[in-house]
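# Reading the structure
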Amino acid sequence: MSSSQVRATCPHDCPDTCALLITVEDGVATQVKGDPDHPTTAGVLCTKVARYTERTYHPDRLLYPLRRVGKKGEGKFERISWDQALGEIAARLGSIAARDAQAIVPYSYCGTMGQVQGESMSARFFHRLGASLLDRTICAEAGITGYRYTIGAGIGTDLEQVQDARLILIWGGNPVASNLHFWTRAQEAKRHGARLIAIDPYRSLTAEKCHQHIALLPGTDAALALGMMHVLIRENLIDADYIARYTLGFEQLEERAAQWTPERTAATCGISVEEVVGLAREYGQAAQRGEPVAIRVNYGVQRVHGGGMSVRAIACLPALVGAWRHPAGGVQLSSSGSFAVDKAALRRPDLLPNPVRTINMTTIGEDLLRAASPQFGPRIEAVIVYNSNPLAIAPDSGQVMRGFAREDLFTVVIDHFQTDSADYADIVLPATTQLEHVDAHTSYGHLYMMANNAAIAPLGESKPNTEIFRLLAARMGFDEALFKESDDQLAAQVFDRKHPRSGGVDWETLKRTGWQRLAMPSAPFAQGGFPTPSGKCEFYSAQMLADGLDPLPAYIAPYESVVSNPALAARYPLAMISPPARNFLNSTFVNVTSLRATEGEPTLDIHPADGAARGIGEGAMVRIFNDRGSFVARARLTDKAREGLVVALSIWWKKLASDGKNANEVTSSRLTDMGRAPTFYDTLVQVERLA
Ligand SMILES: Nc1nc2c(c(=O)[nH]1)N[C@H]1C(S)=C(S)[C@@H](COP(=O)(O)OP(=O)(O)OC[C@H]3O[C@@H](n4cnc5c(=O)[nH]c(N)nc54)[C@H](O)[C@@H]3O)O[C@H]1N2
Ligand SMILES: Nc1nc2c(c(=O)[nH]1)N[C@H]1C(S)=C(S)[C@@H](COP(=O)(O)OP(=O)(O)OC[C@H]3O[C@@H](n4cnc5c(=O)[nH]c(N)nc54)[C@H](O)[C@@H]3O)O[C@H]1N2
Ligand SMILES: [Mo]
């Protein structure tokens, strides 16, 4: 028997990007472990990825190309050969492109975070074709845009320093579920006496383990940050020296914050005046004592109308109190901006024959239903889906479903499984998993460049995304050499070796070692050096003004709340959020039996008072609805959800729910204040007991 260990990287959309060791015996992957030597993975994996082999060798893996034989959405398919599949796709795309290639739309997100199996060969293909571009906004664009205006780039507190913080605000994140290796370090800090405060409308798995939980109303985080600024400035808990040297616009910020008295803040956020004042004092006083104070702001705060502003307001706080002076202080939203990725080399935007339109993935439902017009351009005639499951994950799902159900639409879905989206495909193509292909990874939670080696041969006739687009390019007659580059050649172009932070990384070496830390210091802004236009932390942003936004941090009310839309709230009085369930990764892993068994079935957490008012008892089946649609879940009466709030942990596969629907039936496709991003957590609903 032959046995070996292969260095790999977790490909999933999670900040932790773990280093993996795969045990392979006689060509079969038998175990997936966390690399004990990788500093942030530290030998520990989440339950999901520890079961990676269960997903890879799942009996439902797609192993052959398929052609739809039933109606769209019905899920009836027949096996075809690769030759037939590629021939049909190339013929169809070719005839559409002969009229206007912009009628073809790629639809992809982060099923894999790999730079190679993500956007490399696929981007080259679509650019060369002249297809519409895709605005990949479904997750983080609001928050990262607000962060960039303020800090300059996705650079923040180094995860490897967090254990030394004395106060940690966990703001709109649930790291127990969604950022485990941050949580490990936060707990270490806690053991050394640090205070942990969760700011979250819901008592999440994380909030219940913090010293304090501030349960504000969804979408009101900017108000809380402004209220904190008010108290910090009024009580002189600020770092005047840091402000003078390294920030821009303090006077204007002071004026703005003056408007946010603790009373106004408390009323806006639905919390007490003591909570506002107490939070600001704790934060400011710890900083004044010279203690490292850290904020982990996460994407949970930015899935609302004012989501960009929420992140921006929070990102101002560390500069105000001088928290950046410490390696363990500051704020982290994402570390993605720390990496120098040569996207132009990978994706070749220079191949675009002429300027083309951009379709926003968040509004795919609306756009699929749109007619041709001078503003919109041609009607969408073909969608190629890979690394994503739009039928389950995109907002206003009823509309998305009607769009994908169009008989005249040609849809290709490339995936590991017959997802909700694959049921609407004309052709389904089987993709390889991370164990079967090569890739190179950045991270949005740590500072390591990562390599993924293929551990096993592709299962069945599955192929890497890259190979599929290589073959399609050949069928379309794209014969440039860049369509023949191997995955190793692509991977070698991922990290810009000449960039000082890349530390001269070499792909062959990285494949052997698995990972290499970026050459950058912790405490990135101890002496200013913010990558903003002014080089300072911008409390006032001229760029925002130029972009038509308020140049100062501001509170923007949710679209749908009791205060901002009382007429709507009269019919739909409950705010609904649908954050990730611990055992799923977006809609990935929902079909892994052991993980789904742990989550049970779609649930709705509802406060006992809200339940009682509707005659809903523990365990009752309920219907959650608004004008956009409805779905069914089992009620859990719990004060984890504050009164007026309901929580539907997500993202379920529709076909694995009793009613064939999920929480996105009721979410809206309206966009955030900046970044053109979704507002999943800005949703009013009503709930009723099912007869
Ligand atoms: N297990 C698991 N891990 C994951 C994922 C997963 O699906 N499952 N998804 C991955 C992905 S793609 C992402 S983007 C991240 C997301 O992970 P996080 O950034 O942690 O964000 P969310 O899970 O969206 O929400 C986290 C918390 O924000 C709270 N929240 C909701 N609305 C608000 C609000 O208006 N204000 C505040 N302060 N809090 C609010 C929710 O109640 C929730 O507890 O996690 C990644 N990791
Ligand atoms: N209601 C609600 N909706 C949400 C969210 C929420 O919190 N609430 N969160 C939003 C967020 S933060 C995000 S990031 C999006 C996530 O949305 P998506 O990025 O679409 O994520 P997944 O649902 O996990 O779907 C990824 C798909 O890619 C496939 N895949 C994985 N690797 C490969 C590969 O190598 N090749 C190919 N071809 N396919 C592969 C997987 O099998 C899976 O079916 O969902 C958003 N939707
Ligand atoms: Mo995400």
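Residues numbered from 1 in each chain as written. Chains lettered and ligands numbered in written order. Predicted model: local features only at pLDDT ≥ 70, side-chain atom pairs only at ≥ 80, totals over all residues. Heavy atoms only, no water.

### Some remarks on the domain arrangement of the protein
Rules: Domains are outlined according to an automatic or database domain assignment. Any two residues whose heavy atoms approach within 4.5 Å are treated as being in contact. Using a 1.4 Å probe, buried area is obtained as the accessible area two parts lose upon being combined, added over both of them. The term salt bridge refers to a side-chain nitrogen of Lys or Arg lying within 4 Å of a carboxyl oxygen of Asp or Glu. Counted as a polar contact is a pair of N or O atoms within 3.5 Å, where, for protein atoms, one must be capable of donating a hydrogen and the other of accepting one, and residues adjacent in sequence contribute only when both atoms are in side chains.
The domain architecture assigned to the protein consists of domain 1 (66-139 + 355-436 + 460-497), domain 2 (142-333) and domain 3 (566-689). On a C-alpha basis, the centres of domain 2 and domain 3 stand 27 Å from each other. Counting residues at the interface gives 27 residues for domain 2, matched by 23 residues for domain 3. Between domain 2 and domain 3 lies a buried interface of about 1900 Å² when both sides are counted; carbon and sulfur atoms form 60% of it. Its largest share of buried area at the contact with domain 3, domain 2 owes to Tyr 202, Arg 203 and Arg 303, together 34% of the area lost on that side. Across the domain 2-domain 3 interface, the total number found is one salt bridge. In this structure, the salt-bridge partner of Asp 639 is Arg 203, at a minimum N-O distance of 3.1 Å. The interface formed by domain 2 and domain 3 contains 11 residue pairs in polar contact (both at pLDDT 80 or more).

### Section: the sheet that holds strand S16 (residues 410-415)
Convention followed: Here, any two strands with at least 2 DSSP bridges between them count as paired. Comment: elements are numbered from the N terminus, with helices defined as DSSP H or I runs of at least four residues and strands as E runs of at least two. A fitted line through C-alpha atoms represents every axis, and for helices the fit uses only the stretch in contact; the resulting angles, taken between N-to-C directions, go from 0 to 180 degrees.
The sheet built from six strands is open, its strands ordered S5-S4-S17-S16-S15-S6 with mixed pairing. On the outer flanks of this sheet lie strand S5 (77-79) and strand S6 (104-108), each paired with one strand and no other. With direction set aside, neighbouring strand axes in the sheet form an average angle of 20°. Pairing of strand S4 (residues 66-68) with S5, which is carried by three bridges, proceeds in the antiparallel orientation. Opposite Leu 66, over in S5, you have Arg 79 as the bridge partner.

### Re the sheet that holds strand S3 (residues 28-34)
If you walk across this open sheet you meet the three strands as S1-S2-S3, and the pairing is antiparallel. Edge positions in the open sheet fall to strand S1 (3-9) and S3, since each of these has one partner strand only. In this sheet, neighbouring strand axes are inclined to one another by 25° on average, regardless of whether the strands run parallel or antiparallel. Bridge count for S1 against strand S2 (residues 19-25) is seven bridges, and the pairing is antiparallel. Its bridge partner lying in S2, Gln 5 is registered against Thr 23.

### Quick word on the site of ligand 2
Worth spelling out the cut-off: By convention in this text, a residue qualifies as near a molecule or strand provided that one of its non-hydrogen atoms is within 4 Å of it. Computed with the Shrake-Rupley method and a 1.4 Å probe, the accessible areas treat only the protein chains shown as cover for residues. Asp, Glu, Lys and Arg are counted as charged, while Ala, Val, Leu, Ile, Met, Phe, Trp, Tyr, Cys and Pro are counted as nonpolar; the rest, among them Gly, fall into the polar class.
Neighbouring residues of ligand 2: 31 residues in total, closest Arg 55, Ser 388, Asp 415, Ser 587 and Thr 588. Between ligand 2 and Asn 465 there is a distance of 2.9 Å, counted from a nitrogen atom to a side-chain nitrogen or oxygen. Protein contact buries 97% of the 920 Å² of open area that ligand 2 shows by itself. Each residue belonging to the shell around ligand 2 can be placed in one class, and the counts come to 12 nonpolar, 15 polar and four charged. Both domains that furnish three or more residues to the shell around ligand 2 are identified here as domain 1 (66-139 + 355-436 + 460-497) and domain 3 (566-689).

### Comments concerning the nonpolar core
Note the threshold: Take the buried Ala, Val, Leu, Ile, Met, Phe, Trp, Tyr and Cys residues and link them wherever side-chain atoms come within 4.5 Å; each set so joined is a nonpolar core. For every residue, the accessible area (1.4 Å probe, protein chains only) is compared with the maximum for its type, and the residue is labelled buried under 20%, exposed over 50%, or partly exposed between those bounds.
The biggest cluster of nonpolar side chains holds 167 residues, and the ones touching the most others in it are Tyr 107, Phe 125, Trp 171, Tyr 283 and Phe 404. In terms of residue count, the dominant contributor to this core is helix H8 (residues 221-234) (10 residues). Residues within four places of Tyr 283 in sequence aside, it is in contact with Leu 167, Leu 169, Met 228, Leu 232, Val 293, Ile 295, Leu 317, Pro 318, Val 321 and Ala 323. The next biggest cluster of nonpolar side chains, apart from the first, holds 21 residues, and it includes Val 6, Ala 455, Ile 456 and Phe 589.

### Examining the packing of aromatic side chains
Operational definition: Pairing of aromatic rings covers Phe, Tyr and Trp, the last through its six-membered ring, and needs centres within 6.5 Å; plane angles under 30 degrees mean stacked, over 60 mean edge-to-face, and all others mean tilted.
For the structure on display, the rule yields 17 aromatic pairs. Taking 5.7 Å as the distance between ring centres and 40° as the angle between the ring planes, the aromatic pair formed by Phe 478 and Phe 483 counts as tilted. Neither residue differs from the other here; Phe 478 and Phe 483 are each classed as buried. With a centroid separation of 4.3 Å and an interplanar angle of 25°, the aromatic rings of Phe 525 and Phe 530 are classed as stacked.

### Examining the pattern of salt bridges
Counted by the stated rule, this structure contains 44 salt bridges. Measuring nitrogen to oxygen at the nearest pair gives 3.0 Å for the salt bridge that ties Arg 61 to Glu 436. One end of the pair, Arg 61, is in the loop between helix H2 (52-56) and S4; the other, Glu 436, is in the loop between strand S17 (427-430) and strand S18 (439-441), with 375 residues separating them in the sequence. The residues Arg 61 and Glu 436 share a single accessibility class, namely buried. Across the salt bridge formed by Glu 235 and Arg 281, the nearest N and O atoms sit 2.7 Å from each other. Residue Glu 235 is located in the loop between H8 and helix H9 (240-246), and its partner Arg 281 is located in helix H12 (residues 273-288); the two are separated by 46 residues in the primary sequence. Residue class for Glu 235 comes out partly exposed when judged on its relative accessible area of 25%. What makes Arg 281 partly exposed here is its relative accessible area of 35%.

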